[in-house]
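# Chains, contacts and geometry: an overview
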Amino acid sequence: MKEKSYQTNHRKIAAALSIIPGLGQLYNKQYLKGIAFLILTGAFFGVFSDLLNMGLWGLFTLGEQTPRDHSIFLMVEGILAVIVLLFGIGFYLFNLNDAYKVGLKRDMGERLSTVKEQYHNLIDNGFPYLIMSPGFLLLIFVVVFPIIFVVLLAFTNYDLYHSPPAKLVDWVGLKNFFDLFQLQSWRETFFSVLSWTIIWTFVATTFQVSLGMFLAILVNQKDVKGKAIIRTVFILPWAVPAFVSILVFAGMFNESFGAINRDILGFFGIDPVPWMTEAMYTKIALIGIQTWLGFPFIFAMTTGVLQSIPEELYEAATVDGATNFQKFKNITLPLVLFATAPILITQYTFNFNNFNIIYLFNGGGPAVSGANAGGTDILISWIYSLTMTSAQYSKAAAITMLLSLIVIGVALWQFKRTKSFQEEDMM
Amino acid sequence: MGIKRQKYIRLTLTYLVILAMFAIIIYPLLWIVGSSFNPGQSLSGSSIIPKNATLAHYQELFDTSRSNYLYWYWNSLKVSVLTMVFTVILVSLTAYSFSRYRFIGRKNSLMTFLILQMIPNFAALIAIFILALLTGLLDTHLGLILVYVGGAIPMNTWLMKGYLDTIPKELDESAKMDGAGHLRIFFQIVMPLATPIIAVVALFAFIAPFGDFILARILLRTEEKYTLAVGLYDMVAKQFGAEFTTFAAGAVLIAVPIAILFLSFQKYFVSGLTAGGTKG
């Protein structure tokens, strides 16, 4: 009902004129802004009309004839076109909104801000956007863009036999996902890789976490001497870059000259073990190595927590007649677990995607006959070999999507419980 | 008597465990150091304390006509340092605006960052490869650095935003009263107070590209442009065993300086991870 009290109708006229950006601003007598908007709009279409036209067409058809059309390039252009279009739409909505608001001010008889004030306004409100934009643009091109690309790829038939420029790639809907679950060879491989990924994640992470905590508590005992040296040595595996250690271990476990078979097992009179050629032994070796690599981090964290537990708690417990074990169970363990819980979960997600150790140790091998994944491939290393060696791009993309869904699901569940998510300014 | 005996057993067991761990930790490290001094290219007949130790493998690595090792070392340092510099600049700016300004789209952007940091950026490796191919950034260090920096933004922004939130806003408000501009507040008030978290972000941004294998493997094609991780892997994978002692020397030359650097900065790592809390 407030609407009726205005004598004039500037806001509606301005908004309507703004269907061509700039005209509304000109109508509002903001000449500089209006001209700037008009020029921006013109420039937008001038620069991007080809891209928009080609890109959107390409995105829908993925090309119609070879060798003129390269499906993958068309898809990239298409995504670019969509991103550009989204920016354009954002600007357009801002323009409509701006014309309407300024019109409203005129309707209410308020003084309009001068060019100088507008400039200050722009600097004040625009400052966060301005300083964020470099990082944001980079993020869009190297992180968001690839993700969109992979999502789209999962719905195509891009592989060795449908490879541009000789052949066109087509949209195939959910076929890749159905194949993964319905074609026997894919299904068996997928589930064997998935189950090993899960076992690997749980066993390796649990080992490294428990060893790290156990050693931290052990060293933290009051009457242990030489704590500084012990702690430094226990941190060493973390200090050496992981890729170096993994390659060194690959040498140590080597069946012909490695130290494990020749020096250690030989010393005890045990026959050489086929570490690299039998999946079972490779798995055992991998879990052992990851424990070696991963426990120092947990050790350092736990040591930090232990040192912050006030001594009075233990003294009070002693007065009450608690045994050492009771003190450990009721004071130490809960405090340590509580303080390290969020980081423990990230350890699991880290190992879930721990490409380096699987690939550098034995290339995901040993090879399994009849399967296109090696005996110790986890999802991420399988994706790598599907992409880089067997050119199964669309299948790899579909698996990447499934993997990301798992990771996001777990991580969201975790973040729901952490403090940064419950901050009031996020709500 | 009973208590004393119990304590004796407990301490003995403790030291036994610690000694066993010492052996497990130090043995591989000693083994690789020993291998690097072994004469000959293969390890057959070698021992952990070589009889006629030689520096030949180190000399070979430092001779650029026989090995690309020095190039790799330089590339790794270059890529890591540049990634670190760009990451710190971009992350400071984004984290600062998230922490200090309330603008349209802020909440959604924060959510997006949260989700993006969960997906490792190499998951989209096909796309990164094709994109690099199309833009001509394949086989360049620039392309690699851009991917590293972009991938480091979401997680580190959250880490730094969490820290900046703890710096009282009254400080910048009073500076504003005194007439300080946006940039002045950023550079002279907030950033000096945020040095600890900047150090943490810088360390992360340095270590991550240094240890990365997969992205460098996909993007770098010529041997002179390899980083250490790719180069060493190549050395080992090409003819395993045949060049192992040279590889060992290369591994020692990486492990020693990095380990020293790491041990001296170690306390920052731990405090940074616990303080950040969101990701780690």
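Residues numbered from 1 in each chain as written. Chains lettered and ligands numbered in written order. Predicted model: local features only at pLDDT ≥ 70, side-chain atom pairs only at ≥ 80, totals over all residues.

### Section: the overall build of chain B
- Along its length, chain B carries twelve helices and zero strands.
- Ordering the α and β elements of chain B from the N terminus gives α-α-α-α-α-α-α-α-α-α-α-α.
- At 24 Å, chain B has a C-alpha radius of gyration far larger than the 19 Å of a compact globule built from 280 residues.
- With respect to the three principal axes, the spread of C-alpha positions in chain B is 75 × 75 × 30 Å.
- At a minimum sequence separation of 6, the contacts of chain B that also span at least 24 residues come to 75%. (Helix = DSSP H or I, 4+ residues; strand = E, 2+ residues; numbered from the N terminus. Rg over C-alpha atoms; globule rule 2.2 N^0.38 Å. Contact = placed C-beta atoms within 7 Å.)

### Comments concerning the packing of helix H6 (residues 175-182) of chain A against helix H7 (residues 184-219) of chain A
Residues and elements named next belong to chain A.
- For the pair H6 and H7, interaxial distance at closest approach is 5 Å and the crossing angle is 80 degrees. When the interaxial angle is binned, H6 and H7 end up roughly perpendicular. Each of Asp 179, Leu 180, Phe 181 and Gln 182 in H6 lies in contact with H7, whose residues at this interface are Trp 186, Arg 187 and Phe 190.
- Across the contact of H6 with H7, the residue classes tally to four nonpolar, one polar and two charged. (Axes fitted to C-alpha atoms, helices over the stretch in contact; angles between N-to-C directions. Parallel < 35°, antiparallel > 145°, perpendicular 65-115°, else oblique. Nonpolar A, V, L, I, M, F, W, Y, C, P; charged D, E, K, R; others polar.)

### Concerning the UniProt feature "transmembrane region" (unreviewed entry) in chain A
Residue and element names in this part refer to chain A.
- Feature annotation in UniProt places "transmembrane region" (unreviewed entry) on residues 35-60, 72-96, 136-155, 193-217, 229-253, 284-306, 331-350 and 396-415, given in this structure's numbering.
- In the segment residues 72-96, helix accounts for 100% and strand for 0%; the C-alpha atoms at its two ends are 36 Å apart.
- Within the segment residues 136-155, helix and strand shares are 90% and 0% respectively, and the terminal C-alpha atoms sit 27 Å apart. (UniProt positions renumbered as here; feature names shortened; annotations may be inferred.)

### What about the interface of chain B and chain A?
- Across the contact, 75 residues belong to chain B and 76 residues belong to chain A.
- Every element with two or more residues in the side of chain B that touches chain A is listed here: helix H1 (2-36), helix H3 (69-100), helix H4 (106-116), helix H5 (125-135), helix H6 (141-164), helix H9 (195-211), helix H11 (228-238) and helix H12 (244-276) of chain B.
- In terms of residue class, the side of chain B that touches chain A is built from 56 nonpolar, 17 polar and two charged.

### Examining unusual backbone geometry
- The phi dihedral of Ala391(A) is positive, around 55 degrees, even though this residue is not glycine.
- Along the chain, Ala391(A) falls in the loop between helix H15 (379-388) and helix H16 (393-415).
- In this structure, Asp139(B) takes a positive phi of about 65 degrees despite not being glycine.
- Tracing the chain through its elements places Asp139(B) in the loop between H5 and H6.

### As for the UniProt feature "domain: ABC transmembrane type-1" (unreviewed entry) in chain A
- UniProt's feature table lists "domain: ABC transmembrane type-1" (unreviewed entry) at residues 194-414 of chain A, given in the numbering used throughout.
- Taken end to end, residues 194-414 of chain A is 76% helix and 0% strand, and its two terminal C-alpha atoms sit 21 Å from one another.

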